[in-house]
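Structural description and commentary
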Amino acid sequence: MPAYYKWTSAKKSRRDDYSCTSIEVCTHPLKNEITSTKISSNKNFVESLQKWSSPFEELDPLLRFEQMNMEEDIAPLETDNQLVNYSKAWSMKRTAILNKYTTGEKLTIVSSYLPGGEKTLIRQVSNLNEKVKHRLEQLDDFDESSIRKTMGLSQQEFITKIHMLDDEIKKAWDSEQRVRAFKIGIQCSKLLSDITVMQFYPSKFVLISDILDNFGNLVFDRLKTKSYGKKDIHGIQDIDPKQVPEIAKETCQNWMFKMASIRELLPRLYMEMSLLKCYVFISKDEIRPTIARLTTMIRGIGNALVAVYLRVYLCNVASKLLGTESEEYFYENLKEFLEEYPQIFHPMLLKKYNTQLLTVDQYLSLYIPAVDWLLYGTLNSSKCKLTLLEEFLEKCEQMENNELFLCCIVSAFDSESVIKKSSEILGMIQKSADRMVLLNHVLAALGEHLCNANSYRQLSSESLSQTWWKIAYTMDCTAEFLHVLEPWIQFICTQLSTQHINIILRGTIRYLIKCRKPVDDYTAQIQAVVKRMLKSIPDVEELFLMDAFMPLVELVQGSAARTVMAKTVLTVFFQRYGAATVEDHIVISCLMRLCCILHDSINAVTVEDETKVCADLINKFVQAVKYHDDPEEQLNFYVECRAAFIKLDAVLVTLVHAVNTLSVRAVGLRRACAAYSSVTVPSLRCGLARAQLHLATAHAALLSHCIGQAEANFKALVGLIPDIPHHIQEDGQNKPTHDRVVGLISNFLSTLLILPDNLESNCKAYILTGFIKTMERIHWKKTDPLYYTLLLRTLDLLCEMTQDDYAYHIDGVLSNDELYGSEEEFIISIEKHATNICQELLVVLKLLGDARETRNQYNLALQLFWRVIRRGDLEQEAMASLAANLWMLSQKIQDSNSKMAITMKAALETDNRQACRRLLERLEDSV
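Reference entry: report on the structure contained in this document. (Residues numbered from 1 in each chain as written. Predicted model: local features only at pLDDT ≥ 70, side-chain atom pairs only at ≥ 80, totals over all residues. Heavy atoms only, no water.)

Considerations on the overall build of the protein
In terms of helices and strands, the protein carries 43 helices and four strands. Per-residue burial over the protein gives 50% buried out of 927 residues. When the accessible surface of the protein is summed, it comes to about 46600 Å², and 51% of that surface belongs to carbon and sulfur atoms. (Helix = DSSP H or I, 4+ residues; strand = E, 2+ residues; numbered from the N terminus. Buried < 20%, exposed > 50% of the residue type's maximum accessible area, 1.4 Å probe, protein only. Areas by Shrake-Rupley, 256 points an atom, 1.4 Å probe, with all protein chains shown as cover.)

Below you can see the structure in the form of structure tokens.
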């Protein structure tokens, strides 16, 4: 058992009578740290950081598509001639086609070169003449009996087979079977004549054109090797036909002759296009005439769908060879397409897509990627886009069934040109709206362009809106109507008045009710419309003042749909709302309704992340609402919120803090606010949160001079200490509460210094006494740093409570230094507690030594030593002996030349008190 030391606190002089001894530090704890970072002069600093951080940052896969959509909205495709990269642009188009044009139908592939098919005899030849003769025999040997027709393939199986054919070409080429590779390419190109599954045709074209490109590259690389050996050749511009050896030219001509010997037109055209760049080994002057000839030859393809994608492939090959100089061929092929345009609606093709159960709009959508690509190159070649748009619109006027081309040109042209011709385009749409198949696509594309208009609230805008609304309201399909409404509502929000917006919203509600279909089926589209409105209207608060906005939001009836809608509205509102507070009663009522929808959606199976999102949105609402001139109305609002959001502890915590803030500024409502907190805090599930709120409420009560309420909250806090868990669940992890408990109780102890005693109690400092007794009852491990840290903090408070003048006060609150006036009975009671705490710390020191925790024992010994020399009365022998023994213990444990020990000894040396000098001599004698 450690020796008994009676604690006696030193009486401090008035704080202005002497300068307090200070400990030298190198930095101020409140000083902002300034970090100097050398920024590379040739690289953006943020980019360099992202380079290292990006491998550790993964985008939530569920948010990936939304982010992609946002990036598309923010960064439109660059079409400046100086920056056009056709390969990159086609790569993006290629991916979009493969993602969009899919099918569940069974597919067919015809080939004799899939693994397990035709077996090619490799014959040994003795000379060059026999080798050439053998290859020609192979080319002529199309054994129809060896061709296999594989039917009933799924889409993925078909793609796998196509990739296998690509691999077979490479294997054949590597094994010197070049004719076999050529024949595989021919059979692949023949697959593009098959339109039995039209819906998949654009994707099939992309897959097979990749194979043809690969074959063309193999031939080109072989000719390049024959011509230049291993010399590095970057592109066709580095090839001079005059320097190409005759053997390479002869080989190139042989390939052209082989290609010309193909009997069928479609594979002959595709194979010649794939070999087009090989002409540079014979004559570069042949390329342009060949492209022009191929452009004309495509007229011989009778199927409009097959022909337009053949033109796309020709333009792709031309763009790789000629770059921006190929743009004239885009325009020529587009004009050829317009000449063939009536073939799209030929009865034979209409019959085919009808047998495949395709709707007219699905059929026409198959042409859109091809026409878009032709327009893309055409627009890059034109310096005056407005003139070109006028030319195309004039052609549309002369066409029958012009919706496909009109849809493509509206989508392809820049917003500035389309806006100038918007009235003309809208008039053209109105004339044929009753029979136009792609009406929703054309209207939506026009609306997207008008969203970029700079003019504000012009008469023409109102005229456009009225015309659009007349067309849209007659649509039979609800999904198409909402598709059109989304961009046009943004145009209306930015260009027209709130009255006009409200009229459109009323009409939308009538339309959705009139369609007699469940509105929940269109939740996603309605949500997109609402989001557009919230993001585009200049003053987002105006939406809630319209009588049609909230009815539209609440038109969906399903619980999940209403929750998503409410979350969307609240999220965008708080992102855009510029003012610090919400004061309008109508807006508050609408937001309250949306928050209640969020709260009511939470149940026992709701995941934690979803609950946090809902609580965060509701907290923003609670913090934003302010009734500056009516504190009583503000408190009533908080009472209403407590009743409405009782499931969410995070919201209740926010409400308690808000009410505590209100109690400080609203003098007449202090008791009501205290009662609110007393009722609300016990309903929280987390013991640590309840304790923190009791402390915050006590602080507010003291600031409001409500001593009784402060005492009640301190009592509740003391009673909660044993129930505070060692770990709490946060973000799916068990996190220790050690640091939070230390901070909480330290704050609590520092507040007890200014709390006056209840004179009706027979116990001095009865709240502190109750806390000490509670500490004794808690079965904490005595060697736990949490335990002895709290003992040290309690000792600090007890020493300060014996002083004649406390370190701080609250104006209007009579603390114990004034209440007792250093009454002896009070001082004796406090020092008795201090003695017990000191003895308990000595017990902990011994236990730490027994447990061989020397580092913690050393630190605790020095911390207690510091409190003895700064707060204890060293004139008393017990205090002086305790200080000397603690110092010797620390020296015994560890060399006391540590920074902490040196600092403490230096502070003792600068103290001029006689008792400190005697203690210093005693310490030096003990060395």
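Here the narrative resumes, following the displayed structure.
Concerning unusual backbone geometry
Here the phi dihedral of Leu357 falls at roughly 60°; this positive angle occurs in a residue that is not glycine. Within the secondary structure, Leu357 is located in the loop between α13 (347-355) and α14 (360-365). Within the chain, Ala765 stands out as a residue other than glycine whose phi angle is a positive 50°. Of note, Ala765 is situated in the loop between α35 (738-752) and α36 (766-777). On the accessibility criterion, Ala765 (4% relative accessible area) is buried.

So, helix α9 (residues 265-274)
The buried fraction of α9 is high, at eight of ten residues. Listing the buried residues of α9 in full gives Leu266, Pro267, Leu269, Tyr270, Met271, Glu272, Met273 and Ser274. Next to the buried residues of α9 lie α6 (178-190), α7 (201-228), α8 (246-260), α10 (287-297) and α11 (304-322). (Contact = heavy atoms within 4.5 Å.)

Considerations on the environment of Ala304
Position of Ala304 relative to the elements: it lies in helix α11. Remark: the alpha-carbon pair of Ala304 and Tyr341, spanning 37 residues in sequence, is separated by 7.7 Å. Excluding anything up to four places from it in sequence, Ala304 contacts Gln343, Ile344, Leu349 and Tyr367.

As for a negative patch on the surface
Taken together, Glu583, Asp629, Asp630, Glu632, Glu633 and Glu640 make up a surface patch of like negative charges. With a relative accessible area of 35%, Asp630 lands in the partly exposed category. (Patch = residues over 30% accessible without salt bridge, like charges linked within 9 Å, V, L, I, M, F, W, Y side chains within 5 Å. Salt bridge = Lys/Arg side-chain N within 4 Å of Asp/Glu carboxyl O. Lys, Arg positive; Asp, Glu negative; His and termini not counted. Charge placed at Lys NZ, Arg CZ, Asp CG, Glu CD.)

Focus on the state of the cysteines
Under the counting rule described, the total for this entry stands at zero disulfides. The cysteine Cys799 is free of any disulfide, with Cys838 supplying the nearest cysteine sulfur at 9.3 Å. (Disulfide = S-S within 2.5 Å.)

Here's the deal with the packing of α6 against α8
Here α6 crosses α8 at 40°, and the two axes come no closer than 12 Å. Taken together, the axes of α6 and α8 are oblique relative to one another. Classified by chirality, the crossing of α8 by α6 is right-handed. Residue-level inspection shows Arg178, Val179 and Phe182 of α6 in contact with α8, the latter providing Trp255, Lys258 and Met259. Taken together, the residues of the contact of α6 with α8 break down into four nonpolar, no polar and two charged. (Axes fitted to C-alpha atoms, helices over the stretch in contact; angles between N-to-C directions. Parallel < 35°, antiparallel > 145°, perpendicular 65-115°, else oblique. Left-handed = near helix turned anticlockwise from the far one by under 90°. Nonpolar A, V, L, I, M, F, W, Y, C, P; charged D, E, K, R; others polar.)

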